[in-house]
Amino acid sequence: MELAMAAEELKTVVNRLRRAQGQIAGVIKMIEEGRDCEDVVTQLAAASRALDKAGFAIIATGLQHCLTDADMAASGDREQMRSRLEKLFLSLA
């Protein structure tokens, strides 16, 4: 399954990933500085949510693309695609 995303969708996903990247860098710095455990976990949870949102956006775009792809429906691979998308969703759960 190719990652075919509109420019605006791609921008949103990349922004989320960059946010997560910054949060992860912050977590590393906090750990190195011996910061409070609760603060570290809070920042780590924020990074995790940002990654999850980016992953769900990618999967949703893939699902939308697959459902609107007439060739996919005509080829009879619908069940295989459903199974692949289900596995992707579960990988983020």
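The rules we used
- Residues numbered from 1 in each chain as written.
- Predicted model: local features only at pLDDT ≥ 70, side-chain atom pairs only at ≥ 80, totals over all residues.
- Heavy atoms only, no water.
- Salt bridge = Lys/Arg side-chain N within 4 Å of Asp/Glu carboxyl O.
- Buried < 20%, exposed > 50% of the residue type's maximum accessible area, 1.4 Å probe, protein only.
- Helix = DSSP H or I, 4+ residues; strand = E, 2+ residues; numbered from the N terminus.
- Contact = heavy atoms within 4.5 Å.

Close approach of charged atoms allows side chains with opposite charge to pair. Taken as a whole, this structure holds one salt bridge when the rule is applied. Here E33 and R35 are joined by a salt bridge, their closest N and O atoms 3.9 Å apart. Residue class for E33 comes out partly exposed when judged on its relative accessible area of 46%.

Attention now moves to the environment of Q43. The topology assignment puts Q43 in helix 2 (residues 37–68). Considered as a pair, Q43 and I24 are 19 residues apart in the sequence and their alpha carbons are 7.8 Å apart. Sequence-distant contacts of Q43, defined by excluding residues within four places in its chain, comprise Q23, V27 and M30.

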